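Understanding the architecture of this molecule
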Amino acid sequence: MATGIIGTGSYLPPTVIDNNELAKLVKTDDEWIREHTGIVERHIATDETTSYMATEAAKAAIKNADLDPKKIDLIIVATLSAERATPSMSCIVQDKIGAVNATCFDLNAACSGFVYALQTADAYIQTGLAKTALIIGAETLSKLVDWKDRSTCILFADGAGAAIVTDKEHGILSSITHSDGSKGMSLKCKDRSTRNFLVRKQEDKHYIQMIGPDIFKFAVRRVPACIDLLLQRAGVSKEDVTYYVLHQANARIVASVSKKMEIPIEKFPMNIEHCGNTSSASIPILLDEMNRSGMLKEGDKVVICGFGGGLTWGAQLIEW
Ligand code: UT7
């Protein structure tokens, strides 16, 4: 038996902003954004919070799995943009969906968050600590982005994706995660500084800062090596994989990985054109689109791979 996905769901806030709208905010244009990222439009939250989007994605996944929420005994929300320090996003989701028997916690592995959450759920399930888990990637990056910084505000977006996982015949064949904290400052966002009765400071206003080309090079170097190791450990050839579902960071990163690994680009589904870069949410949103459109067939071998802030990266090979 293996930990496998039995349901998926996603939620995108209804407000859609295209590149031309952004060109009114910063010095940029539609052509530059399309050519450098592959993005045409993205969903941006207005009233929607991270926990709200996580809950909506969770409800859709539960419905898709035809599951009684009381059977969920673990909820993990991967996020770097929670609207509260406490209660956690996962505790809020638990309450909203009535998953009264679940243990709940959040996890921050930035854009690798969904892969880390799936690996954690797999460990819980395979050691008997849980039977059925709900894992979610949910982000409101629009609140962390400096809308005057054209190098980041054109890239990041909002949304949530979820999956229900349980012990079944087909599932995870191989799983890898890695971190390199020494390079972490190339993609950073500071939280509040210490401010108390001993230390008096002005209110902080910190935003995402990224050395884009460094992260780009990191991704193109690490992702192929990570996938190679993943497949080698499972004894599966790259030709036997039906789809490579990469974190939707930038269409050029996906294209570079495809070229470097000599795997046809058709095996790399993408939705970045309409969703932008939603960090931990991008993989489950894309998986849900693929699942609902009937692209995924029983027995298909699917690689998912996340990479980003931390720095972190990781991948799973899943037999659908
Ligand atoms: O999801 C988590 C991990 N994150 C990523 O994986 C992101 C990885 N990095 C990237 O996706 C890309 O580096 C970016 C999309 C962020 C930037 O694309 P790039 O092709 O690496 O551009 P660049 O930063 O090298 O900038 C090239 C030029 C610069 O001008 P000069 O110095 O050549 O005159 C920038 O100032 O493009 C300029 N530029 C822009 N021009 C128009 C940067 N942003 C913009 C913009 N519009 N929005």
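Our subject is the structure listed above.
My aim in this report is to walk through the structure given alongside it, one point at a time.

1. Digging into the overall build of the protein chain
For the protein chain, the helix and strand inventory stands at 10 helices and 13 strands. Along the first, second and third principal axes, the C-alpha set of the protein chain runs to 55 × 50 × 35 Å. Counting over 320 residues, the protein chain shows a buried share of 55%. Taking contacts inside the protein chain between residues at least 6 apart in sequence as the whole, the part at least 24 apart equals 77%. When the accessible surface of the protein chain is summed, it comes to about 14300 Å², and 50% of that surface belongs to carbon and sulfur atoms. Averaging the coordinates of the 35 positive side-chain charges in the protein chain and doing the same for the 39 negative ones gives two points 6 Å apart.

2. Topic: the sheet that holds strand 6 (residues 132-140)
Strands sit in the order 1-7-6-4-5 across an open sheet of five strands; the sheet is mixed. Two strands lie at the open edges of the sheet, namely strand 1 (2-11) and strand 5 (103-107), each paired on one side alone. When the angles between neighbouring strand axes are averaged without regard to direction, this sheet yields 20°. Of the strand pairs in this sheet, strand 6 and strand 7 (residues 158-168) are connected by nine bridges, and their pairing is antiparallel. Along strand 7, the bridge assignment pairs G137 with G161.

3. Some words on the state of the cysteines
Applying the stated rule across the entire model yields zero disulfides. For the unlinked cysteine C153, the closest cysteine sulfur is that of C189, found at 14 Å. Owing to a relative accessible area of 0%, C153 belongs among the buried residues under this scheme. C111 provides the cysteine sulfur closest to C275, a residue in no disulfide bond, and the two sulfurs are 14 Å apart. Assessed through its relative accessible area of 4%, C275 is described here as buried.

4. Quick notes on the packing of aromatic side chains
Evaluation of the coordinates by the stated rule reveals four aromatic pairs. Their ring planes at 90° and their centres at 5.6 Å tell us that Y11 and Y52 sit as a pair that is edge-to-face. With Y11 in strand 1 and Y52 in helix 3 (residues 50-65), this pair connects stretches of sequence that are 41 residues apart. When the centroid spacing of 6.1 Å and the interplanar angle of 40° are considered together, the rings of F105 and Y124 count as tilted. On the criterion of sequence distance, the pair formed by F105 in strand 5 and Y124 in helix 5 (residues 113-126) is long-range, its members being 19 residues apart. According to the relative accessible area criterion, Y124 is partly exposed, its value standing at 24%.

5. Digging into the sheet that holds strand 11 (residues 243-246)
Remark on secondary structure: sheet strands pair via backbone hydrogen bonds, oriented parallel or antiparallel. Reading across from one edge, 8-13-12-11 is the order of the four strands in this open sheet, with mixed pairing throughout. Two strands lie at the open edges of the sheet, namely strand 8 (172-179) and strand 11, each paired on one side alone. Each strand axis lies, on average, 10° off the axis of its neighbour in the sheet, ignoring direction. Examined bridge by bridge, strand 12 (residues 301-308) and strand 13 (residues 312-319) share eight bridges and lie antiparallel to one another.

6. Quick look at the site of the ligand
The immediate surroundings of the ligand are formed by 22 residues, with T28, H36, H247, N250 and N277 found nearest. P213 places a polar main-chain atom, nitrogen or oxygen, 3.5 Å from an oxygen atom of the ligand. Notes on the ligand: free accessible area 950 Å², of which the protein chains cover 73%. Those elements that provide at least two residues to the shell around the ligand are helix 2 (30-37), helix 6 (150-153), helix 7 (212-234) and helix 8 (251-261). It is helix 7 that provides the largest number of residues to the shell around the ligand, a total of four residues. When the residues that make up the shell around the ligand are grouped by side-chain class, the tally is 11 nonpolar, eight polar and three charged.

What counts and what doesn't
- Residues numbered from 1 in each chain as written.
- Predicted model: local features only at pLDDT ≥ 70, side-chain atom pairs only at ≥ 80, totals over all residues.
- Heavy atoms only, no water.
- Helix = DSSP H or I, 4+ residues; strand = E, 2+ residues; numbered from the N terminus.
- Buried < 20%, exposed > 50% of the residue type's maximum accessible area, 1.4 Å probe, protein only.
- Contact = heavy atoms within 4.5 Å.
- Areas by Shrake-Rupley, 256 points an atom, 1.4 Å probe, with all protein chains shown as cover.
- Lys, Arg positive; Asp, Glu negative; His and termini not counted.
- Charge placed at Lys NZ, Arg CZ, Asp CG, Glu CD.
- Pairing = 2+ DSSP bridges.
- Axes fitted to C-alpha atoms, helices over the stretch in contact; angles between N-to-C directions.
- Disulfide = S-S within 2.5 Å.
- Phe/Tyr/Trp six-rings, centres within 6.5 Å; stacked < 30°, edge-to-face > 60°.
- Near = heavy atom within 4 Å.
- Polar contact = N/O pair within 3.5 Å; in protein donor to acceptor, adjacent residues only side chain to side chain.
- Nonpolar A, V, L, I, M, F, W, Y, C, P; charged D, E, K, R; others polar.

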